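# Examination of the molecular architecture
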Amino acid sequence: MNVWAVANQKGGVGKTTTVVSLAGELARQGERVLVVDLDPHASLTSYLGLDPETTDDGVYALFRQAAGESTPSPHVRPGQAEGLDLLPASPALAVLDRTLGTRKGMGVVLQKGLASLGQGYDHVLLDCPPMLGILMVNALAACDRLVIPVQTEFLALHGLRRMLRTLEMIGRSRDRAPEYIIVPTQFDRRTRAATQSLYTLRDEFHPHIWTQYIPVDTRFREASRQGRALTCSDPASRGAQAYASLARHLLSLENTPQEELAS
Ligand SMILES: Nc1ncnc2c1ncn2[C@@H]1O[C@H](COP(=O)(O)OP(=O)(O)OP(=O)(O)O)[C@@H](O)[C@H]1O
Ligand SMILES: [Mg+2]
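Residues numbered from 1 in each chain as written. Chains lettered and ligands numbered in written order. Predicted model: local features only at pLDDT ≥ 70, side-chain atom pairs only at ≥ 80, totals over all residues. Heavy atoms only, no water.

- If you look the chain up in an unreviewed UniProt entry, it shows as Chromosome partitioning protein from Natronospira proteinivora.

## Some details on the site of ligand 1
- The environment of ligand 1 is formed by 16 residues, the closest being Lys-15, Thr-16, Thr-17, Pro-215 and Asp-217.
- One nitrogen or oxygen atom from the main chain of Thr-16 is found 2.9 Å from an oxygen atom belonging to ligand 1.
- Residue Arg-221 places a side-chain N or O atom 3.2 Å away from an oxygen atom belonging to ligand 1.
- Considered on its own, ligand 1 offers 630 Å² of accessible surface; in the complex 80% of this is hidden by protein.
- Cavity membership is defined here by more than half of the atoms lying within 2 Å of grid points; on that basis ligand 1 lies in the largest pocket.
- Partitioned by chemical class, the residues of the shell around ligand 1 number six nonpolar, six polar and four charged. (Near = heavy atom within 4 Å. Polar contact = N/O pair within 3.5 Å; in protein donor to acceptor, adjacent residues only side chain to side chain. Areas by Shrake-Rupley, 256 points an atom, 1.4 Å probe, with all protein chains shown as cover. 1 Å grid on protein atoms, 1.4 Å probe; cavity = no way out; pocket = protein on both sides within 12 Å on 5 of 7 lines; lining within 4 Å. Sits in = over half its atoms within 2 Å of the grid points. Nonpolar A, V, L, I, M, F, W, Y, C, P; charged D, E, K, R; others polar.)

## Observations concerning the layout of surface pockets
- Taken as a whole, the largest pocket spans an internal volume of roughly 580 Å³.
- Together, 23 residues line the largest pocket, and Gly-12, Gly-14, Thr-17, Gln-186 and Arg-221 are the ones closest to its centre.
- Of all the secondary-structure elements, those providing two or more residues to the lining of the largest pocket are helix H1 (15–28), helix H2 (43–47) and helix H9 (219–225).
- Class assignment of the residues belonging to the lining of the largest pocket gives a composition of eight nonpolar, eleven polar and four charged. (Points joined across faces, edges and corners; volume = space filled by probe spheres on them. Helix = DSSP H or I, 4+ residues; strand = E, 2+ residues; numbered from the N terminus.)

## Quick notes on the environment of Ala-240
- For Ala-240, the position within the fold is in helix H11 (residues 238–254).
- Residues Ala-240 and Leu-22, 218 residues apart in the sequence, show an inter-C-alpha distance of 9.1 Å.
- Ala-240 has contacts with Phe-220, Leu-230, Thr-231, Asp-234 and Pro-235, leaving out every residue within four places of it along the chain. (Contact = heavy atoms within 4.5 Å.)

## A closer look at the packing of helix H7 (residues 156–172) against helix H8 (residues 192–205)
- The interhelical angle for the contact between H7 and H8, taken along N-to-C directions, is 25 degrees, at an axis separation of 12 Å. The orientation of H7 with respect to H8, classified from their angle, is roughly parallel. As for the relative orientation of H7 and H8, their crossing is right-handed in sense. Residues Leu-157, Leu-160, Arg-161 and Leu-164 of H7 form the contact with H8, whose own contacting residues are Thr-200, Leu-201, Glu-204 and Phe-205.
- Here the contact of H7 with H8 is composed, by residue class, of five nonpolar, one polar and two charged. (Axes fitted to C-alpha atoms, helices over the stretch in contact; angles between N-to-C directions. Parallel < 35°, antiparallel > 145°, perpendicular 65-115°, else oblique. Left-handed = near helix turned anticlockwise from the far one by under 90°.)

## As for the side chain of Thr-152
- Mapped onto the fold, Thr-152 is located in the loop between strand E5 (145–151) and H7.
- Residue class for Thr-152 comes out buried when judged on its relative accessible area of 6%.
- Within the structure, Thr-152 has its side chain in polar contact with the backbone oxygen of Thr-185 (distance 3.2 Å).
- Of note is the side chain of Thr-152, whose polar atom sits 3.5 Å from the backbone oxygen of Gln-186.
- Apart from residues lying up to four places away in sequence, Thr-152 is in contact with Pro-184, Thr-185, Gln-186, Phe-187, Asp-188, Ala-194, Ser-197, Leu-198 and Leu-201. (Buried < 20%, exposed > 50% of the residue type's maximum accessible area, 1.4 Å probe, protein only.)

## Here's the deal with helix H3 (residues 59–66)
- Residues of H3 that are buried include every one of Val-59, Tyr-60, Ala-61, Leu-62 and Phe-63, and no others.
- One or two residues past the end of H3 sits Gly-68, with phi positive at roughly 80 degrees.

Take a look at the structure:
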């Protein structure tokens, strides 16, 4: 089982789109995929067709159970849109930082939960909220690899540096920080500003940056309106092709021994 977290403290950079597109692509290839919605706004949960007001038995239940509270058992909703299995979010997740944030052991709840809930899956993808808190800390502790989508615009670079400082800080309190890969998103090759940002990203963050990019493609919005992954509804589109290529790259990293990557 590979666990990939998709995170960036900046909002609207394409985290949920990346989770749905990658997960859809992997499922299309016959891989068994679980997606986990860690965002109190529950965009991924709604995207895949569930009403977040009815999903307190997802991630929220996992944390309440770990805190010893009486709660329904957390369970995965099988076969949501594109056949993806989902551990859903609910708005109640917003109170976790206040109610459980300082309790001991709360940083590894997801890691422990996935040991059972993640059984039988080839891939688990975690959709993180755009802020640092107990949910993102849990995702960083549970993942083998972190995917950081970054918009190809100048201001996005500040958000990225902040995200990397967070990662470093969390890495210091663990044996190891997860490997990370930066994915340029919403790239509009017609604008000079986007091209310049892409070059700056490549200069500053080599070798952690994916050498390709996800283009701006209006079909992502259309796919989300339909509750579909673009990689499934229109695999030939530019956006879908880019995510298929990213999926291939991520899989190749998982299949390459660490020693080889280091040499
Ligand atoms: N490559 C793209 N081309 C065009 N539109 C895109 C692209 N990627 C994402 N979008 C659109 O941008 C918006 C934000 O994307 P998304 O919800 O994936 O970001 P997010 O990082 O998850 O946001 P949040 O921080 O609020 O959770 C959505 O409307 C989505 O359809
Ligand atoms: Mg999101």
